[in-house]
Amino acid sequence: MASCCKLSDLFPIQSQLDSALEDAKTQEDKENLVYQYLRKIDEKADLIIPDFEEGKTWPLHFPVPYLLFSVKPSIYLAFLFFSISADGLVVVGVHSAKFPNEKVLQNVRSAVLRYDITHPVVNDSDASLWQELEVSCWPTLVLLGPRGNLLFSLVGEGHREQLFLFTAAALKHYREQGLLKDHDVEIKLYRDSLPPSILSFPGKIAMDPSSKRLAIADTGHHRVLVVSNTGQVLHSIGGPSSGRQDGNLFEAQFSSPQGVFIKGDTVYVADTENHLVRKINLSEGKVSTLAGTGVQGTDKEGGAPGPQQPISSPWDVTLGNAGGDVLWIAMAGTHQIWALFLEDGKLPKGSDSKKGTCVRFAGSGNEENRNNAYPHKAGLAQPSGLALAPTEHWECLFIADSESSTIRSLSLKDGAVKHVVGGERDPLNLFAFGDIDGKGIDAKLQHPLGVSWDEGSSLLYVADSYNHKIKVVDPKTKQCRVLAGTGKAGNGLGPSFLESIFNEPGGLCLGEGGKLLYVADTNNHCIKVLDLETKTVSLFPIVVQQEVDAVLTTAISNTPAVKKLPKLPKSAPVFTMPSITVPSGHSVTLLLKLALPAGTKLTEEAPSFWSLSAEGNEWLLEGRAVTGSISDLSEPILIVSSIPVAPESTDPTLTLNAWVYCCLSEGGACMMKAVSFKQPLLISSTSEEGSVAVMLEHAF
């Protein structure tokens, strides 16, 4: 076998192709150039890459794999899946970590789940493959041929056209040679083995002080929850799958929303993977788009009306003032802070802006840790969290700049960007991270994602995500210290703040006049509450009023869960039963008897449940229980409904649906089974006594 090569061996050859492609006039010319290049590459025997080390991942058995060296998923791979046939192509992610926390296998699994990644991922924790290939940048994409030989490499973002051109040409070229295997890759997804949860990777959380309502970005479920301060769900907007749709609260869709801000009946949402800023109007029951086109933008200046202005990966939002109401946006994709004018206004050191304008406020667009008195010359690495300090002393935005592991301030008086804590003085060093209490640059953080300002104490609370801690910063003295968390990933409430355990907390907000700190404990799929007076931590219970959603219980937090009744799958059998006569004022008892497939059992504490409805005849069930849990199938489930006096000439139908989650007894993958029974009723006005019982049976 030829000796292993590195990317630098490919660059001189590919650079000739890249130069020729720039001069090509037509798509056909470009394709012919790529085919000539592939024939040339096939003649070389010295472009074989090293094998994966045993234990890092699955061996590759398929020709034309794409390797993606990254610490985060790439939008271009999503386009690849939707636009190119997968026959003969396999995508393998190579996770080469920047932060120590990103090297831990369980944390990599969480990231795969959070970003809904469905291709195999190598945990190159010691960066051995990275170093052998001499990779120099995240992300780097490498296309390999059937012999495991280098074909193409793309460094950085913004290469969508080249990606499609190279991939399509390579697939055609090697298919014509009979070197591709057209069969599916047998992959068992880790997510399929997990039980449902109340929340899924909640990103940010915000509170409206006047109404005491909380807005939660339920990121993994692609929705936003609005709950009371006691945990009752008042609104559930979006989910369970990703999408992009405005409209009423029941039809609106989001894609991995991260940031939320709530004021009165308005919730502003950073709809991250849709590259949009959205507005939820609770009083009108509508969702609308304020900024973004739905396509990731590269513009680093802005200035267009919001819905016409492309933006890139908004990660957080907060409401402020710049001569008029303005929504500040942490634009992670372009490493900047933007402003969306909700009224006419003017930025510091900027020109007047009309209502609806979306424009860059601070950040050059370079990924740096550069502070500067002029906002456009400052450099941010990845602004991920915002907190407005509206006091007379500060009048600034505090920024959690995750990739530089710093907290920064942005003056709303003059636009100056200043360092608060973390990082170091070299603006190009984005590797100055750690877990150290201290002052200014002596303090060290690791990828902080969230900040919250306490006006009463003039302190800033920080979600130090990769250190699994909550920290508190005094901006005046630049002192930073740990408030809660052990520093080890896990899940525990502990008898004290420092004994409580978090797992990559991503957002936080203050409530009850600064007495409580709500924390989105992202990888634990829950909200925790820090009582700043008693120094205790508790789990925030999420409960739901019956008219909003069904009440379920999950294994993750043992608290009531909110879950919209799912649609019945097309495979679910529907049985229409013979009509039965029921006297008015009496009851009908439905005995539901279900049998699971051989070798399976109910998923422990998973939300198997039944639902009773009477479409078009809601009076039939008014004031009665219409949902219930299923925890034992050894005996029939009794569902009793009293029949009120019926309107004239009404023969309603009861519909009983059941959703059952079960898994293999030996702990295999979970599955969902469903069935529907339609029971027509003939309601009699006779005065005969007694009730009617019906047995409804089904074996899955």
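Everything quoted here is computed from the prediction, not taken from an experiment.

### Some words on the overall build of the protein
Phase 1: Within the protein, the regular secondary structure consists of six helices and 47 strands.
Phase 2: Residue burial in the protein is summarised as follows: out of 700 residues, 54% are buried.
Phase 3: For the protein, the accessible area works out to roughly 30,000 Å², and carbon and sulfur atoms hold 50% of it.

### Side note on the packing of helix α1 (residues 7-23) against helix α2 (residues 27-42)
Phase 1: Two elements in contact, α1 and α2, have axes whose closest approach is 10 Å; the angle formed by their N-to-C orientations is 160 degrees. Taken together, the axes of α1 and α2 lie roughly antiparallel to each other. Of the two elements, α1 crosses α2, and the hand of that crossing is right-handed. Residues Leu10, Ile13, Gln14, Gln16, Leu17, Ala20 and Leu21 of α1 touch α2, and the partners they reach there are Lys30, Leu33, Val34, Tyr37, Lys40 and Ile41.
Phase 2: Looking at the contact of α1 with α2, its residues break down into nine nonpolar, two polar and two charged.

### Description of the packing of aromatic side chains
Phase 1: The final tally for this structure, using the stated rule, is seven aromatic pairs.
Phase 2: Note on Tyr37 and Phe152: the rings are 5.0 Å apart at their centroids and 25 degrees apart in plane angle, and the pair reads as stacked. Here Tyr37 is found in helix α2, whereas its partner Phe152 is found in strand β5 (residues 150-155), with 115 residues between them in sequence. When sorted by exposure, Tyr37 lands in the same class as Phe152, which is buried.
Phase 3: Consider the rings of Tyr518 and Phe540, whose centres lie 5.6 Å apart with planes at 85 degrees: the pair is edge-to-face. In this pair, Tyr518 is assigned in strand β32 (residues 516-521) and Phe540 in the loop between β34 (536-539) and β35 (543-544), connecting sequence segments 22 residues apart.
Phase 4: Among the aromatic residues, ring-to-ring pairing joins Tyr37, Phe152 and Phe166 into one connected group.

### Digging into the pattern of salt bridges
Phase 1: Under the defined criterion, the tally for this structure stands at 13 salt bridges.
Phase 2: Of the charged contacts, one joins Lys413 and Glu395 as a salt bridge, the two residues approaching to 3.8 Å between their closest N and O atoms. Here the residue Lys413 occupies a position in the loop between β24 (406-411) and β25 (417-422), and Glu395 occupies one in the loop between β22 (383-389) and β23 (396-401), the gap between them amounting to 18 residues.
Phase 3: Note on Glu395: relative accessible area 29%, which makes it partly exposed.
Phase 4: A salt bridge links Lys471 to Asp435; the shortest N-O distance between them is 2.7 Å. Of this pair, Lys471 sits in strand β29 (residues 469-474) while Asp435 sits in the loop between β25 and β26 (438-439), placing them 36 residues apart in sequence.
Phase 5: Salt bridges sharing partners connect three or more residues here, namely Asp435, Asp464, Lys469 and Lys471.

### Some words on the side chain of Asp521
Phase 1: Here Asp521 is to be found in strand β32.
Phase 2: For Asp521, the side chain forms a polar contact with the side chain of Lys528, separated by 2.9 Å.
Phase 3: If we skip the residues at most four places from it in the chain, Asp521 touches Pro202, Asn491, Ile501, Phe502, Asn503, Pro505, Cys526 and Lys528.

### Focus: the sheet that holds strand β10 (residues 247-248)
Phase 1: Spatially, five strands are ordered β10-β14-β13-β12-β11 in an open sheet, and the strand pairing comes out antiparallel. The open sheet terminates on both sides in strands that have one partner only, identified here as β10 and β11 (260-263).
Phase 2: The sheet contact formed by β11 and strand β12 (residues 266-271) spans four bridges and is antiparallel. By the bridge assignment, Phe261 is partnered in β12 with Tyr268.

### Re unusual backbone geometry
Phase 1: A cis amide bond links Gly239 with the next residue in sequence, Pro240, at an omega value of 0 degrees.
Phase 2: Structurally, Pro240 is set in the loop between β9 (232-238) and β10.
Phase 3: Of note in this structure, His222 is not a glycine but carries a positive phi near 55 degrees.
Phase 4: One can find His222 in the loop between β7 (213-218) and β8 (223-227).
Phase 5: For His222, a relative accessible area of 12% puts it in the buried group.

### Some details on helix α6 (residues 160-176)
Given 3.6 residues per helical turn, the α-helix brings residues three or four places apart onto the same face.
Phase 1: Compared with an ideal rise of 1.5 Å per residue, which puts 17 residues at 24 Å, α6 spans 24 Å between its outermost C-alpha atoms and is within 8% of the ideal.
Phase 2: All of the buried residues in α6 are Leu163, Phe164, Leu165, Phe166, Thr167, Ala169, Ala170, Leu171, His173 and Tyr174.
Phase 3: Residue Gly178 follows α6 closely and has a positive phi angle near 70 degrees.

### Things to note about the sheet that holds strand β28 (residues 459-464)
Phase 1: Taken in spatial order, the five strands make up an open sheet running β26-β30-β29-β28-β27, and their pairing is antiparallel. With one partner strand each, in any of the chains shown, β26 and β27 (450-454) form the two edges of the open sheet.
Phase 2: Of the pairings in the sheet, the one linking β27 to β28 comprises five bridges and is antiparallel in character. Bridge pairing links Val451 to Val462 in β28.

### Notes on the side chain of Asn274
Phase 1: Examined against the element boundaries, Asn274 turns out to sit in the loop between β12 and β13 (276-281).
Phase 2: Here Asn274 falls in the buried class, since its relative accessible area comes to 9%.
Phase 3: Not counting the four nearest positions on each side in its chain, Asn274 is found in contact with Gly243, Arg244, Gln253, Phe254, Ser255, Gly294 and Val295.

### Observations regarding the environment of Gly320
Phase 1: Structurally, Gly320 is set in strand β16 (residues 314-321).
Phase 2: Look at Gly320 and you get buried, because its relative accessible area is 11%.
Phase 3: Taking C-alpha positions, Gly320 is 9.2 Å from Leu397, a pair spaced 77 residues apart along the chain.
Phase 4: Setting aside anything within four residues of it in sequence, one finds Gly320 in contact with Asp325, Val326, Trp328 and Leu388.

### Topic: the confidence of the model for the protein
Phase 1: Per-residue pLDDT for the protein averages 82, and the proportion of residues at 70 or more is 81%.
Phase 2: Throughout residues 71-85 the model reports pLDDT below 50, and contacts reaching past four residues in sequence, or to other chains, amount to 37 contacts.
Phase 3: Taken as a whole, residues 545-563 scores under 50 in pLDDT and shows 61 contacts with residues more than four places along the chain or in a different chain.

Criteria and cut-off values
Residues numbered from 1 in each chain as written. Predicted model: local features only at pLDDT ≥ 70, side-chain atom pairs only at ≥ 80, totals over all residues. Heavy atoms only, no water. Helix = DSSP H or I, 4+ residues; strand = E, 2+ residues; numbered from the N terminus. Buried < 20%, exposed > 50% of the residue type's maximum accessible area, 1.4 Å probe, protein only. Areas by Shrake-Rupley, 256 points an atom, 1.4 Å probe, with all protein chains shown as cover. Axes fitted to C-alpha atoms, helices over the stretch in contact; angles between N-to-C directions. Parallel < 35°, antiparallel > 145°, perpendicular 65-115°, else oblique. Left-handed = near helix turned anticlockwise from the far one by under 90°. Contact = heavy atoms within 4.5 Å. Nonpolar A, V, L, I, M, F, W, Y, C, P; charged D, E, K, R; others polar. Phe/Tyr/Trp six-rings, centres within 6.5 Å; stacked < 30°, edge-to-face > 60°. Salt bridge = Lys/Arg side-chain N within 4 Å of Asp/Glu carboxyl O. Polar contact = N/O pair within 3.5 Å; in protein donor to acceptor, adjacent residues only side chain to side chain. Pairing = 2+ DSSP bridges. Expected span 1.5 Å × (residues − 1). pLDDT = per-residue confidence, 0-100.

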